[in-house]
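Residue-level structural notes
The primary structure of each chain is shown beneath.
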Amino acid sequence: MKYLFLTPALAALTTAAAVPLEARQSNMLGSMLGMAAKLMPAANGIVIEEKSSLKVAGIKRQLIRYGPFTIPGNKDGAAPPSPEAGHNHGGGDMPGMSMGGAAPAAPKAAGGGFGDTLSLLAGQKPMDPNGWSTTKRLATGLCKDCTVLSGKTTVVFENGTRADLSKGVYLHHVIAMDVTKPVKSYITGCPGIASSISPFLGGAVDEFRQWYTTPDGQLKAGFYIKNDEFIMQAELVNYHPEPQNVFLQMDIEWVPGKYGPDASQATLAATSCDSATQSFKPQPGTAGEIKSKVYPATADGKIIAARGHMHDGGTAVNMYINDKLVCASKATYGGAGSTLKVNGKEWQTITKMSECADPIAIKKGDNVLITASYDTKTHPLRESHGEAQEGMGIMTFVFVPSS
Ligand SMILES: *[C@@H]1O[C@H](CO)[C@@H](O)[C@H](O)[C@H]1NC(C)=O
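Residues numbered from 1 in each chain as written. Predicted model: local features only at pLDDT ≥ 70, side-chain atom pairs only at ≥ 80, totals over all residues.

Next up on the list: the overall build of the protein chain. Each helix and strand in the protein chain was counted, giving three helices and 27 strands. Out of the 403 residues in the protein chain, the part that is buried amounts to 51%. (Helix = DSSP H or I, 4+ residues; strand = E, 2+ residues; numbered from the N terminus. Buried ≥ 20, exposed ≤ 12 C-beta atoms within 10 Å, placed from the backbone.)

On to the environment of D274, then. Along the polypeptide, D274 turns up in the loop between β12 (264-269) and β13 (279-280). Here D274 falls in the exposed class, since 8 other C-beta atoms lie within 10 Å of it. On a C-alpha basis, the gap between D274 and C190 in space is 8.6 Å, while along the polypeptide they are 84 residues apart.

This part takes up the environment of T371. Tracing the chain through its elements places T371 in strand β24 (residues 367-375). Residue T371 is classed as partly exposed on the basis of its C-beta count, with 18 C-beta atoms lying within 10 Å. For the pair formed by T371 and I290, sequence separation is 81 residues and the distance between their alpha carbons is 5.5 Å. Every residue in contact with T371, bar those within four places of it in the chain, is listed here: A270, E289, I290, K291 and N318. (Contact = placed C-beta atoms within 7 Å.)

A word on the sheet that holds strand β1 (residues 42-43). Pairing within the open sheet is mixed, and its five strands lie in the order β1-β4-β10-β6-β7. The two strands at the open ends of the sheet, each matched to only one other strand, are β1 and β7 (198-203). Pairing of β1 with strand β4 (residues 131-138), which is carried by two bridges, proceeds in the parallel orientation. Bridge pairing in β4 places A42 opposite R137. (Pairing = 2+ DSSP bridges.)

To continue, consider the nonpolar core. By size, the foremost hydrophobic cluster in this structure holds 80 residues, and its most contacted members are F230, M232, L236, L268, F397 and V398. Beyond its immediate chain neighbours, meaning those up to four positions away, F230 contacts L138, L142, A176, M177, D178, V179 and F200. (Core = buried A, V, L, I, M, F, W, Y, C linked by C-beta atoms within 7 Å.)

Here the focus is the site of the ligand. F157, N159, T161 and K167 make up every residue found near the ligand. Taken together, the residues that form the shell around the ligand break down as one nonpolar, two polar and one charged. (Near = placed C-beta within 6 Å. Nonpolar A, V, L, I, M, F, W, Y, C, P; charged D, E, K, R; others polar.)

As for its placement among the helices and strands, G285 is situated in the loop between β13 and β14 (287-291). The class for G285 is exposed, based on 11 C-beta atoms found within 10 Å. Once the C-alpha coordinates of G285 and L381 are considered, the two residues, 96 residues apart in sequence, prove to be 9.0 Å apart. Beyond its immediate stretch of four places on either side in the chain, G285 contacts T376 and K377.

Moving on: the confidence of the model for the protein chain. When pLDDT is averaged across the protein chain, the result is 79; 73% of the residues are at 70 or more. Note that residues 1-25 has pLDDT below 50 and, in this model, 43 contacts with residues that lie over four places away or in other chains. Within the model, the stretch residues 82-124 combines pLDDT values under 50 with 167 contacts to residues more than four positions away or in other chains. (pLDDT = per-residue confidence, 0-100.)

Take the pairing of strand β3 (residues 60-71) next. With six bridges joining them, strand β2 (residues 45-50) and β3 adopt antiparallel strand pairing. Paired with I46 across the strands is R65, a residue of β3. As paired elements, β3 and strand β11 (residues 244-256) share ten bridges and run antiparallel to each other. Paired with R65 across the bridge in β11 is Q249.

Here is the structure:
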């Protein structure tokens, strides 16, 4: 991890975050981050009203655009990234951020970890040499005293069309996080991996909507925003020689006031607590499974929107509660734009991880176990500089406390 480009405040936080955090300390860190965020350049949102299809009283849907930002033209004339560029996976590596299923031909990522998250937050370390990244405090646009039921983040051109690889712009990720809301931990994961940032929305190559309720909106739950401070961070690669103007966009559905309990995102890894990066090394040409330690639940509630995140080689991430399988998030390989030719050999990447959207009941004292299965015979690990890449098996989900 490189802290070289961090501002001193963020560097201090990074170091502080390397030690196991008590919830109280984590909250304190959160408020420190809130203060640090105040120093970040602000962006105002342009709000476009849309129609929601959810049958929920008072529901609103808005597109909130920040920008325009000019991504410089690609002077190297670089070709779109090849698998050799490295880090390909279903989703991004922001700890605790649900990044969705797929990232065909992803540029090299920073490898996860809290320090990297912070250095990304600082917006000064694009993960790809040709990458352009930005971090903005969201001064206006988002609702206040409201509950967000679902949302997604994307990047669009000035005409509103999504900027994606087919348009010569590669979206590595765009994430929005709440830097003032205290992080609640309802399931005790590995120490030290706790983050003080409340993930809000994240998006990468595949378009997915983050749900804080069930997809019909009927489960009373959502991400409550009082007067919170948000920052948004994006990394893009422009493959055009000409500069491109883009907006970072949030598409959110929300209701005024409170709608059920405050739901929050969390992440658990299939690795035992000895891997700080939550990665593991499957042997090439084998199939198998790794298992986490047992993670105890500390509250009654429901788990929704559970989704695995893997690198190529992975086949599924599973969640067990008291030894009963409650969610199998399976990897889908291949499909449009994700089959690449490398040295004449066809290479398929993960395009999607299935989601367990239906509520899964959980009680205080229940034991949660995460497993990750892989098959590196059928789906070889990515190679980067002649070395097989690490496997990844984590599950992100939303916890809805009972009260
Ligand atoms: C919007 O702009 C982008 C980038 O200039 C272009 O590729 C796309 O075709 C445009 N879409 C429409 C509908 O005009």
